[in-house]
Amino acid sequence: MFGEKAYLLIKELDRNRDSLPPYNTELLSEIHNEVKQLVTENQEDANVSEQSRLVENVSYVPTLKIRHAAIKRNIRCILAYHYNRLKCLKTIRWQFGSILPPEVKANLSQAEIDFFSKYSSSLMQYMRGIGDDGGVNLAVNLKPPKSLYIEVRCVVDYGQLELTDGSALLLKKNSRHHLPRTECEELIRQGVLEHVV
Amino acid sequence: MDEDTDDILNNIIDDDDDANIQMTPAELIQKMEEIWINEKFAPELLPHEQEIVDLVLSQISAMEDNVETLPSADFKKGFYQLEIDRIRFVVTSYLRQRLEKIETYVLHVLKEDEEREEAYLSEAEQQFALKYKEALEEHFDNATMFYPGLPFEDWKSNFVRPNMNSFVFLKAKSNVEGVVVDRGQGDDNEIVDIKAGSQMLISYKGVSDLIKKGDLRLI
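Residues numbered from 1 in each chain as written. Chains lettered and ligands numbered in written order. Predicted model: local features only at pLDDT ≥ 70, side-chain atom pairs only at ≥ 80, totals over all residues. Heavy atoms only, no water.

Attention now moves to the overall build of chain A. Helix and strand counts for chain A stand at six helices and five strands. Of the regular secondary structure in chain A, the N- to C-terminal order runs α-α-α-α-α-β-β-β-β-α-β. Taking 16 Å as the expected radius of gyration for a compact globule of 197 residues, we find that chain A reaches 26 Å, considerably beyond that expectation. Counting only C-alpha atoms, chain A reaches 90 × 40 × 30 Å along its principal axes. (Helix = DSSP H or I, 4+ residues; strand = E, 2+ residues; numbered from the N terminus. Rg over C-alpha atoms; globule rule 2.2 N^0.38 Å.)

Put into structure tokens, the structure is as follows:
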């Protein structure tokens, strides 16, 4: 049946709503082949269609139309697949900053990596341009602040952390700290610290 | 906002002679909150408020400087700091909200802006939108390059548009007469007058101009 593989692609998307599975090169190239085949068949039929209509009084137009619809549908599915992956990729940018975690990077296609770096750099440029002095980092202050300090637990051995007031402290695994929220928000999102509620 | 914060803010405004809009800091923050909430609940991108954002940002940095001068033992310092954080959250949330809309409706937004005289995007946002669009197109072209000459351009004419008919809660700031409630079927449209201070639930399309003008605000 036409478009079955494209449907598989969409199903894969649906199953992994918030995560990025490996870029499915195999399935995509199968769909590409299906589209190519449909196009060739259409071209052949279009050539004979004119003759057969005159000679045998048979028209191939309905066949052509159905194939064309299948081609369009396949392409739509391909684009939807790519678009939704980009969306996921953008969320990752907001979460982890401009450097891709290696385990995510392994699942991406080259084009997606390119997109990520472009997106990231235009975002940085935009953030630098806000206001008069040096820009604003929009990736912090994601939640409305409730209190100035929060209690955090360190999940991994992180090492030295320097605070904006100049003092430094050592983040060791399983140690607890009482820190200004602005300082550790990013670390919490990266999974270094854990907010103790 | 408490009186103390007002004090701190007032000190700053006095130094600020080149501010051409006469506005007390409290009013400024209120205005900021209003445009933030409007942006949050409106389905489409609203005109940018660059001046307000810039003013609030300079306000924040001035407040931070003021707070710096307080001794760290002063227990009021914590309150000021939290207040600054809150204001900063409002600003960043507002800008993030806009970026999200720009990304989602990028083709729509850019096209609308071209057709309109007054630009809804600020200059930086426009640059961002153009770059984003470029990257997106490149990515899509890349994804469909395997067979040249196919109807791949469809998505460009078939872009995502905001749903202008979605419903919004609003509150009137002044008396507004003759708001047309579009029922979507022929001519039997209802016309309502909205009194100042009243609240209602209405389809966004009919009131979008009034919100941009500032007669109504979303809640």
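Picking up where we left off.
What follows is about the pairing of strand β3 (residues 168–171) of chain A. For a regular strand, the rule is simple: side chains alternate between the two faces of the sheet. Residue and element names in this part refer to chain A. Side chains L169 and L171 project from β3 onto a buried face, and the interleaved A168 and L170 project onto a face without burial. In this sheet, β3 lies alongside strand β2 (residues 159–162) in antiparallel orientation, the contact comprising four bridges. When the bridges of β3 are listed, E162 appears paired with A168. (Buried < 20%, exposed > 50% of the residue type's maximum accessible area, 1.4 Å probe, protein only. Pairing = 2+ DSSP bridges.)

Right, let's get into a nonpolar patch on the surface. Side chains of F167, F169, L201 and I219 of chain B sit close together on the surface and give an oily, nonpolar patch of about 430 Å² of accessible area. For F169 of chain B, the position within the fold is in strand β1 (residues 167–172). (Patch = residues over 30% accessible without salt bridge, like charges linked within 9 Å, V, L, I, M, F, W, Y side chains within 5 Å. Areas by Shrake-Rupley, 256 points an atom, 1.4 Å probe, with all protein chains shown as cover. Salt bridge = Lys/Arg side-chain N within 4 Å of Asp/Glu carboxyl O.)

Moving on, we get to helix α2 (residues 25–41) of chain B. Taking 1.5 Å per residue as the helical rise, α2 of chain B with its 17 residues ought to reach 24 Å, and the 24 Å between its terminal C-alpha atoms agrees with that figure. Of the residues making up α2 of chain B, those classed as buried are P25, L28, I29, M32, E34, I35, W36, N38 and E39 of chain B. (Expected span 1.5 Å × (residues − 1).)

Here chain A is partitioned into domain 1 (4–129) and domain 2 (149–195). Computed from C-alpha atoms alone, the centre-to-centre distance between domain 1 of chain A and domain 2 of chain A is 42 Å. (Domains from an automatic or database assignment.)

Residue and element names in this part refer to chain B. Splitting chain B by domain gives domain 1 (3–104), domain 2 (107–157) and domain 3 (167–218). Each partner contributes to the interface: domain 1 provides nine residues, whereas domain 2 provides 10 residues. Summing both sides of the interface, domain 1 and domain 2 together bury roughly 950 Å²; the carbon and sulfur share of this comes to 67%. Counting the contacts that link domain 1 with domain 2 gives one salt bridge. Where R98 meets E125, a salt bridge forms, and the shortest distance between an N and an O atom there is 2.7 Å. (Contact = heavy atoms within 4.5 Å. Buried area = accessible area lost by both parts, 1.4 Å probe.)

Next up on the list: the side chain of K90 of chain A. Within the secondary structure layout, K90 of chain A lies in helix α3 (residues 61–96). The buried category is assigned to K90 of chain A, whose relative accessible area is 8%. Excluding residues that lie within four positions of it along the chain, K90 of chain A makes contacts with F115 and Y119 of chain A together with E103 and Y132 of chain B.

Residue and element names in this part refer to chain B. The strand order across the open sheet built from three strands is β4-β1-β5, with neighbouring strands paired in antiparallel fashion. Each having just a single partner strand, β4 (199–203) and β5 (216–218) make up the two edges of the open sheet. Between one strand and the next, the sheet's axes are offset by a mean angle of 40°, whatever the strand orientation. Relative to β4, β1 runs antiparallel, the two being bridged by five bridges. Within the sheet, the bridge partner assigned to L170 lies in β4 and is M200. (Axes fitted to C-alpha atoms, helices over the stretch in contact; angles between N-to-C directions.)

With that settled, consider the pattern of salt bridges. Following the criterion strictly, the structure yields 17 salt bridges over all chains and no others. For the salt bridge of E151 of chain A with R176 of chain A, the shortest nitrogen-to-oxygen distance reads 3.3 Å. Residue E151 of chain A is located in strand β1 (residues 149–154), and its partner R176 of chain A is located in strand β4 (residues 176–180); the two are separated by 25 residues in the primary sequence. Measuring nitrogen to oxygen at the nearest pair gives 3.0 Å for the salt bridge that ties D113 of chain B to R116 of chain B.

Under the feature "domain: GINS subunit" (unreviewed entry), the UniProt entry names residues 57–142 of chain B. Between the C-alpha atoms that bound residues 57–142 of chain B the distance is 40 Å, and the span itself is 84% helix and 0% strand. (UniProt positions renumbered as here; feature names shortened; annotations may be inferred.)

Per-residue confidence for chain A gives a mean pLDDT of 81; residues scoring 70 or more make up 96%. At the low end of the mean pLDDT range in chain A sits helix α6 (residues 181–189) of chain A, at 79; at the high end sits helix α5 (residues 110–129) of chain A, at 86. (pLDDT = per-residue confidence, 0-100.)

All names here are of chain A. The terminal C-alpha atoms of helix α1 (residues 4–15), which comprises 12 residues, lie 17 Å apart, in line with the 16 Å expected from a rise of 1.5 Å per residue. Where α1 is concerned, the buried positions are A6, L9, E12 and L13. All buried residues of α1 lie within an arc of 110° about the axis, which places them on one face of the element. (Arc of directions from axis to C-beta.)

Turning next to the interface of chain B and chain A. In this assembly, 37 residues from chain B lie in contact with 42 residues from chain A. Note on chain B versus chain A: buried area summed over both sides is about 3,700 Å², and carbon and sulfur give 71% of it. When the area that chain B buries against chain A is broken down by residue, the three leading residues are R96, H139 and F146 of chain B, summing to 18%. Linking chain B with chain A are two salt bridges.

Residues and elements named next belong to chain B. Contact geometry for α2 and helix α3 (residues 50–69): axes closest at 10 Å, N-to-C directions at 130°. By the angle between their axes, α2 is oblique relative to α3. In this structure, α2 meets α3 at a crossing whose hand is left-handed. Contact residues: α2 offers P25, L28, K31, M32 and I35, while α3 offers I52, V53, L55, V56 and Q59. Grouping the constituent residues of the contact of α2 with α3 by class yields eight nonpolar, one polar and one charged. (Parallel < 35°, antiparallel > 145°, perpendicular 65-115°, else oblique. Left-handed = near helix turned anticlockwise from the far one by under 90°. Nonpolar A, V, L, I, M, F, W, Y, C, P; charged D, E, K, R; others polar.)

The subject of this paragraph is the UniProt feature "domain: DNA replication complex GINS protein PSF1 C-terminal" (unreviewed entry) in chain A. Mapped onto this structure's residue numbering, the UniProt feature "domain: DNA replication complex GINS protein PSF1 C-terminal" (unreviewed entry) falls at residues 146–196 of chain A. End C-alpha atoms of residues 146–196 of chain A are separated by 14 Å, and the span's content is 18% helix alongside 43% strand.

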